[in-house]
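# A closer look at the structure
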Amino acid sequence: MQLFKNKKAKRDVILIAALLLISALLFVLLHHNEVGAGVVVRVEGEEIARYSLSQSGTYSLNGGTNTLVIENDEAYLSDADCPDLLCVNQGSIKYTGECITCLPNKLTVTVFGAEENGIDAAVS
């Protein structure tokens, strides 16, 4: 039994396989994320705090509406008073540029890289 009935079909399969391989390689090369140095917390776009990812802790944010936990060089929201809890369900972040957003509370937690300086304790 012949797998390909004609040469054109065989060339099409080879072309598709090559494009998939190139796409996979580009994805790996372009999406190599750097582990961040810390997180910046903003409420309504205004920075309220910066925390290092290397120092574990639990922080009450935005007047207690959200709880940020930093452990094992990752950050996540463990609790929020918003109705849908999408921010809590987003999971943890650790790579530069990753962000957790709580729309009802107008809060964002964004990972920044080592090139940005100014990690403080809570500014709130």
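Everything below is about the structure shown above.
To start, this report covers the structure provided alongside it. Predicted model, so just to flag it, every value in this text is computed and none were measured. (Residues numbered from 1 in each chain as written. Predicted model: local features only at pLDDT ≥ 70, side-chain atom pairs only at ≥ 80, totals over all residues. Heavy atoms only, no water.)

## Details of the overall build of the protein
- Helix and strand counts for the protein stand at 2 helices and 7 strands.
- Scanning the protein from its N terminus toward the C terminus, one meets helices and strands in the order α-β-β-β-β-β-α-β-β.
- When the accessible surface of the protein is totalled, it reaches about 8300 Å², and 56% of it is carbon and sulfur. (Helix = DSSP H or I, 4+ residues; strand = E, 2+ residues; numbered from the N terminus. Areas by Shrake-Rupley, 256 points an atom, 1.4 Å probe, with all protein chains shown as cover.)

## Brief notes about the sheet that holds strand S5 (residues 74-80)
- The 3 strands are arranged S3-S4-S5 in an open sheet whose pairing can be described as antiparallel. On the outer flanks of this sheet lie strand S3 (57-61) and S5, each paired with one strand and no other. When the angles between neighbouring strand axes are averaged without regard to direction, this sheet yields 25°.
- The pairing of strand S4 (residues 66-71) with S5 spans 6 bridges and is antiparallel. Residue Glu71 lies in a different strand from S5, and its bridge partner there is Glu74. (Pairing = 2+ DSSP bridges. Axes fitted to C-alpha atoms, helices over the stretch in contact; angles between N-to-C directions.)

The quantities given are spatial measurements derived from coordinates; they are silent on function.
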